[in-house]
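# Topology and contacts: notes
The chain contents come next:
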Amino acid sequence: MTDKRGGSKRRREILDVAVKLLAKHGYHGVSMDDIGAAASITGPALYHHFKGGKEQMLADALIPVSERLLAGGKHYASLHSDDPRAALEALVDFHLAVTVDSPEIVILHLHELDRLPDEPRREVRKLQRVYVEEWVRVLCELRSGLKPEQARVIAHGAFGLMNSTPYLALGEEISAEQTASLLRSAALAALDPG
């Protein structure tokens, strides 16, 4: 049985286990044997699914989320091509949905991206740059006189704010929905203070 990405369901399950462990303990704090034990498979058998070991697992986790962000960013911005404020709100909502739903991926992206081999790291960075340019375009349309280089700084600042969700105690003191709502308001205020 294959999942939507063409890999086996078992491979996806193993990758999910690996992502959680790598996010919690860091790249160097987790061995293939640790991942295998948590996924109920021997460490060496993992290489059947991930010939490139942890590096491949990391790439297989980070590249799809970067592709998802780019595709979603283009989609949501295009839904409101005649209304930059609505496009910005849709981008913020989409980005927050990804970060709240996938906090482990955010942690891996922020802390372990440099562990990727050159080629997959370049691919992720390229996808990120194009994603940021969607935000830059919308911000420049929304804020008259804003230069693209200024919009990039503002967009990256908002990403930092929105990507903070993995470090919050979601569900303990405040719900994920309340957190997303608060971060949405803060991000929109930072992106469009007018």
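Residue indices begin from 1 for each chain and proceed along its sequence in written order. Side-chain atom pairs in this predicted model are given and counted only at pLDDT of 80 or more, local residue features only at pLDDT of at least 70, and totals for whole chains, interfaces and linings cover all residues. Where side-chain values are given, they derive from all heavy atoms of the structure, hydrogens and water being excluded.

## Concerning the side chain of lysine 54
Here a strand is any run of E in DSSP of at least two residues, a helix any run of H or I of at least four, and the numbering for each starts at the N terminus. You can see lysine 54 is positioned in helix α4 (residues 53–79). Think of it in three bands: residues with accessible area under 20% of the maximum for their type are buried, residues over 50% are exposed, and the middle band is partly exposed, with areas taken using a 1.4 Å probe on protein chains only. In this charge count, Lys and Arg are treated as positive and Asp and Glu as negative; neither His nor the chain ends contribute. The term salt bridge refers to a pairing of a side-chain nitrogen on Lys or Arg with a carboxyl oxygen on Asp or Glu at a separation within 4 Å. The charged side chain of lysine 54 is buried without a salt bridge, its nearest counter-charge being aspartate 34 at 7.5 Å. Each polar contact in these results corresponds to two N or O atoms within 3.5 Å; when the atoms are within protein, one needs to be able to donate a hydrogen and the other to accept it, and residues that are neighboring in sequence are counted only if both atoms are side-chain atoms. There is a polar contact of 2.6 Å between the side chain of lysine 54 and the backbone oxygen of valine 30. The contact definition used throughout considers only heavy atoms, calling two residues in contact when any of these lie within 4.5 Å. Filtering out sequence-adjacent residues up to four positions away, lysine 54 remains in contact with Leu22, Tyr27, His28, Val30, Met32 and Ile35.

## Some points on the pattern of salt bridges
Considering all chains together, one arrives at 14 salt bridges under this definition. In this structure, arginine 85 and glutamate 89 form a salt bridge, with 3.0 Å as the shortest nitrogen-oxygen distance. Here arginine 85 and its partner glutamate 89 are both found in helix α5 (residues 84–101), four residues apart, which amounts to about one turn of the helix. Overall, the relative accessible area of 28% leaves arginine 85 in the partly exposed class. Glutamate 89 sits in the partly exposed class, given a relative accessible area of 26%. For arginine 152, the salt bridge is made with glutamate 133, and the minimal N-O distance between the two is 2.6 Å. Residue arginine 152 is located in helix α8 (residues 148–162), and its partner glutamate 133 is located in helix α7 (residues 118–142); the two are separated by 19 residues in the primary sequence. Arginine 152 sits in the partly exposed class, given a relative accessible area of 30%. On the accessibility criterion, glutamate 133 (33% relative accessible area) is partly exposed.

## Quick look at the nonpolar core
Side-chain atoms within 4.5 Å link the members of a nonpolar core, which is a set of buried Ala, Val, Leu, Ile, Met, Phe, Trp, Tyr and Cys residues. If you look at the biggest cluster of nonpolar residues, it comprises 55 residues, and the most contacted ones within it are Ile35, Met57 and Trp135. Sorting the residues of this core by element identifies α1 (9–25), α2 (32–38), α4, α5, α6 (103–112), α7, α8 and α9 (176–191) as the ones contributing at least two each. Each residue touching methionine 57, except ones within four places of it in the same chain, is listed here: Ile14, Leu15, Ala18, Met32, Ile35, Leu46 and Phe50.

Note that all results are geometric; they support no functional claim without further evidence.
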